[in-house]
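Chains, contacts and geometry: an overview
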2 protein chains.
Amino acid sequence: METQDFQLQCPIPISEYPQVLMAHGGGGRLMNQLLEKMFLAEFDNELLGARHDGARFPVAEGEMAFTTDSFVVKPLFFPGGNIGSLAVHGTVNDLSMCGARPLYLSAGFILEEGLAMETLWQIVHAMGEAAREAGVQIVTGDTKVVDRGKGDGVFINTAGVGLVPSGRNVGPDQVQAGDVILVSGDLGRHGMAILGARQALAFESAIESDSASVIEPVQALFEAGLEVHCLRDLTRGGLTSAMVEIARDASLAIELEEAKVPVRDDVRAACEILGLDPFYVANEGRFCAIVPEAAADQALEVLKSFEVSAGATAAGRVQSGPAGVVSLRTAIGARRILDMLSGEQLPRIC
Amino acid sequence: METQDFQLQCPIPISEYPQVLMAHGGGGRLMNQLLEKMFLAEFDNELLGARHDGARFPVAEGEMAFTTDSFVVKPLFFPGGNIGSLAVHGTVNDLSMCGARPLYLSAGFILEEGLAMETLWQIVHAMGEAAREAGVQIVTGDTKVVDRGKGDGVFINTAGVGLVPSGRNVGPDQVQAGDVILVSGDLGRHGMAILGARQALAFESAIESDSASVIEPVQALFEAGLEVHCLRDLTRGGLTSAMVEIARDASLAIELEEAKVPVRDDVRAACEILGLDPFYVANEGRFCAIVPEAAADQALEVLKSFEVSAGATAAGRVQSGPAGVVSLRTAIGARRILDMLSGEQLPRIC
């Protein structure tokens with residue numbers, strides 16, 4: 001939709017309520033109007049429509065995954081998405097990393113008084129679209145409004161639940177020496193897209209965020225009957241932090257090959273200008289799958305057959321030791337140790 | 001614990017990190033330290049300890065309830081609780097209102113840069129205590145830090161899941177004409193406690209929040225085999241908003257008897273001074289149970305046997321019509337219509 005269409009189609013009349021008021025979070029008539037006309041209409045599903053204190057749904061015997069993430073990204077809109085689509089992708093991807101098929105999400109909004117109603121509508125609409133694309137339902141929610149100057153436009157928390165078929169075990173404790181590390185695509189675009197939008201930097205070409213659901217390639221790995229030892233999305237702290245955490249938790253070593261980790265030229269150039277390392281930059285539609293060597297080629301083919309992971313590579317290998325150490329074999333053949341940063345190079349990236 | 005004990009026992013050395021830094025939310029070493037030493041240690045359980053992208057747990061075949069709430073209460077500490085205990089009570093109570101036995105919570109923290117580390121610790125400790133008391137586990141979480149002036153100390157989102165035994169159906173669609181409305185105790189204390197703390201008003205006696213888990217009396221109603229048609233907690237918008245919502249969704253009328261709705265004298269006096277109506281003031285440990293007349297006396301006895309609902313009363317009745325109308329029979333015998341307020345009398349109460 002174009003901006004003008006958003007104004008026209010905003011379900012709360014913008015002429016009457018151009019901005020979010022404290023009363024929109026007060027539990028009274030205005031909040032009810034916002035819930036009914038905007039949230040319930042956009043997220044439209046029976047469970048949410050029941051308007052109980054929570055959603056109720058049947059579950060089969062098995063295992064359930066449950067996760068949560070708050071989103072405070074700044075700015076709210078960036079090339080390739082906005083905080084609404086990001087809030088859906090982040091949580092469905094976390095569920096996918098548990099080996100779960102994501103089913104239901106909750107949405108908790110903390111709105112700042114004075115937020116443009118049209119902005120809220122664009123974000124809510126993007127959430128609805130992202131949920132429909134990912135095949136999940138937003139079934140329960142909450143809206144709070146904080147006074148002007150005590151928030152930053154919108155913060156969104158999403159929690160999610162999904163079902164893990166019995167016997168499916170993925171996690172650092174499953175990782176074994178000799179396993180191959182598959183990286184699902186080029187790194188660093190989400191972080192650099194945010195930075196570009198924040199600083200209004202004129203990168204040579206606009207870098208779009210990689211924010212996307214990775215449900216499909218992950219489910220396809222399982223459906224192909226491939227053994228998957230560990231899945232991890234490469235969000236805050238990027239590839240390096242994920243590898244350090246897994247090596248630590250598995251008490252094994254990991255060696256990455258720099259030349260095999262895909263980074264787009266424009267991302268690499270932007271990182272170089274800004275003194276950033278793409279191995280630490282956050283992604284929102286990238287993950288690594290750690291698989292036994294025997295399954296690696298087939299798993300790579302599966303990943304490459306989906307647009308969101310078409311650029312997947314075998315980028316490294318798990319080694320028996322030294323425990324917890326992650327190293328990088330550089331393009332010129334040198335070897336250096338990778339460690340976590342103390343913080344993040346780019347705050348409020350998600 | 002006394003303030004001094006909190007300083008001494010804060011698991012992050014206050015001399016080194018007196019305040020929350022941006023890096024505490026950055027996905028790197030400082031965040032890992034905060035997670036391990038404070039969150040994982042205080043919420044201590046196996047599922048959280050696994051440190052996956054989400055928690056995994058077995059579920060039996062049946063129905064699950066799923067709910068979420070964000071907490072933005074101001075001030076963070078008030079007589080009878082703080083934002084941490086409130087964030088647990090709010091969500092376990094929402095699950096209870098679905099007829100569920102609450103099991104697992106998520107916790108999403110949005111911290112403002114510069115928040116005193118000791119304050120965070122007091123809040124996290126209160127969350128841990130409240131969860132242990134309620135018999136639930138905090139199994140997954142997320143921490144974000146926003147820049148100074150873009151938040152307000154701490155916001156907390158909790159989502160929760162619980163199991164609903166099959167055949168247990170509670171909700172406005174179950175409500176019938178002739179049903180009795182039980183109110184679980186005196187109204188208005190949470191709202192007035194917050195207002196007192198916020199304005200540093202010298203109420204004659206300090207009013208303590210009613211914030212508490214209501215799991216026990218609710219479970220006891222079901223365990224006694226009593227038919228329960230609807231449960232609703234009396235949070236934002238208070239008793240009146242809850243009644244208006246239920247009457248609307250059930251297409252029935254509700255009549256309350258003013259004399260039967262308990263309000264403590266100090267709360268009533270404080271409300272009068274400030275021009276507030278205790279029927280609209282938020283509570284955090286109060287609910288209504290709507291039950292068939294035949295079950296009302298026994299249900300009332302069950303509620304009275306628990307400290308948190310010792311002051312329960314039969315406060316009204318459901319009538320066949322006019323649909324959606326809530327009326328109040330006043331102490332002097334007059335009858336007036338109650339409607340939702342457009343907003344809330346007191347913002348940021350929860």
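Please read these numbers as outputs of a predicted model, since none were measured by experiment.

A few words now on the domain arrangement of chain A. Residue and element names in this part refer to chain A. With domains assigned, chain A is organised as domain 1 (3-164) and domain 2 (172-338). Summarising the inter-unit geometry, the C-alpha centres of domain 1 and domain 2 are found 29 Å apart. Counting the surface lost from both domain 1 and domain 2, the interface buries some 1800 Å², and carbon and sulfur atoms represent 61% of this. Taken as a group, Pro79, Asn93 and Met97 account for 33% of the area that domain 1 buries against domain 2, more than any other trio of residues on that side.

Taken together, the five strands give an open sheet; going across it, the order is E6(A)-E5(A)-E7(A)-E2(A)-E1(B), and neighbouring strands pair in mixed fashion. Of all the strands in the sheet, the pair left with one neighbour each is strand E6 (137-146) of chain A together with strand E1 (55-59) of chain B. In this sheet, adjacent strand axes meet at a mean angle of 20° when their direction is disregarded. Running over the sheet, helix H4 (residues 83-97) of chain A touches strand E2 (62-71), strand E5 (101-112) and strand E7 (154-164) of chain A and is turned about 150° from E2(A).

Turning next to the interface of chain B and chain A. Accessible area lost on assembly of the parts is the figure often given for the size of an interface. If you look at the interface, chain B gives 83 residues, while chain A gives 83 residues. In this assembly, chain B packs against chain A so that about 6200 Å² is buried in total across both faces, 53% of it on carbon and sulfur atoms. The largest per-residue losses of area from chain B upon contact with chain A belong to B:Asp53, B:Arg56 and B:Phe66, which jointly make up 15% of the total buried on that side. Viewed at the interface, chain A and chain B are joined by 14 salt bridges. Linking B:Glu63 and A:Arg56 is a salt bridge whose minimum nitrogen-to-oxygen distance equals 2.7 Å. Between chain B and chain A we count 32 residue pairs in polar contact (both at pLDDT 80 or more) in total.

Counting residues in hydrophobic clusters, the biggest one holds 83 residues, and the most contacted among them are B:Phe109 and B:Met243. In terms of residue count, helix H5 (residues 117-134) of chain B provides more of this core than any other element does, nine residues in total. When residues are assigned to domains, this core turns out to be shared by domain 1 (3-164) and domain 2 (172-338) of chain B, each giving three or more. In this view, B:Phe109 contacts B:Phe39, B:Phe43, B:Val124, B:Met127, B:Asp142, B:Thr143, B:Lys144, B:Val154, B:Phe155 and B:Ile156; residues no more than four positions away in its chain are not counted. Counting 82 residues, the second-largest nonpolar core is a separate cluster that includes A:Cys10, A:Val124, A:Val326 and A:Leu328.

Before going further, it helps to examine the environment of B:Gly171. By the secondary structure assignment, B:Gly171 is in the loop between strand E7 (154-164) and strand E8 (180-183). Ignoring anything within four residues of it in the chain, the contact list for B:Gly171 reads A:His52, B:His229 and B:Cys230.

Residue and element names in this part refer to chain B. For glutamine 219, the location among the structural elements is in helix H7 (residues 215-223). There is a polar contact of 3.2 Å between the side chain of glutamine 219 and the backbone oxygen of alanine 100. Residues contacting glutamine 219, with those up to four places away along its chain left out, are Ala100, Arg101, Pro102 and Arg168.

Procedures and definitions
- Each residue is numbered by its place in its chain's sequence as written, counting from 1.
- Note on labels: chains are lettered from A, ligands numbered from 1, in written order.
- A pLDDT threshold of at least 70 governs which residues receive local features in this predicted model, and a stricter bar of 80 or more applies before side-chain atom pairs are shown or counted, although totals over entire chains, interfaces and linings include all residues.
- Values reported for side chains reflect all heavy atoms of the structure, with hydrogen atoms and water molecules removed beforehand.
- For every domain, the bounds stem from an assignment made automatically or drawn from a database.
- Joining two parts hides part of their accessible area as seen by a 1.4 Å probe, and the buried area is that hidden amount summed over both.
- A pair of strands counts as paired when DSSP detects no fewer than two bridges linking them.
- Numbering goes from the N terminus for both helices and strands, where a helix is a DSSP run of H or I of at least four residues and a strand is a run of E of at least two.
- The axes used here are C-alpha line fits, helices contributing only the stretch in contact, and every angle between their N-to-C directions lies in the interval 0 to 180 degrees.
- Any two residues whose heavy atoms approach within 4.5 Å are treated as being in contact.
- We count a salt bridge whenever a side-chain nitrogen from Lys or Arg sits within 4 Å of a carboxyl oxygen from Asp or Glu.
- Two N or O atoms form a polar contact when they lie within 3.5 Å of each other; inside protein one atom must be a possible hydrogen donor and the other a possible acceptor, and for residues adjacent in sequence the pair counts only when both atoms belong to side chains.
- Nine residue types can take part in a nonpolar core, namely buried Ala, Val, Leu, Ile, Met, Phe, Trp, Tyr and Cys, and a core is a set of them joined through side-chain atoms within 4.5 Å.
- A simple rule labels every residue: compare its accessible area, found with a 1.4 Å probe on the protein chains alone, to the largest value its type can have, and call it buried under 20%, exposed over 50%, or partly exposed in between.

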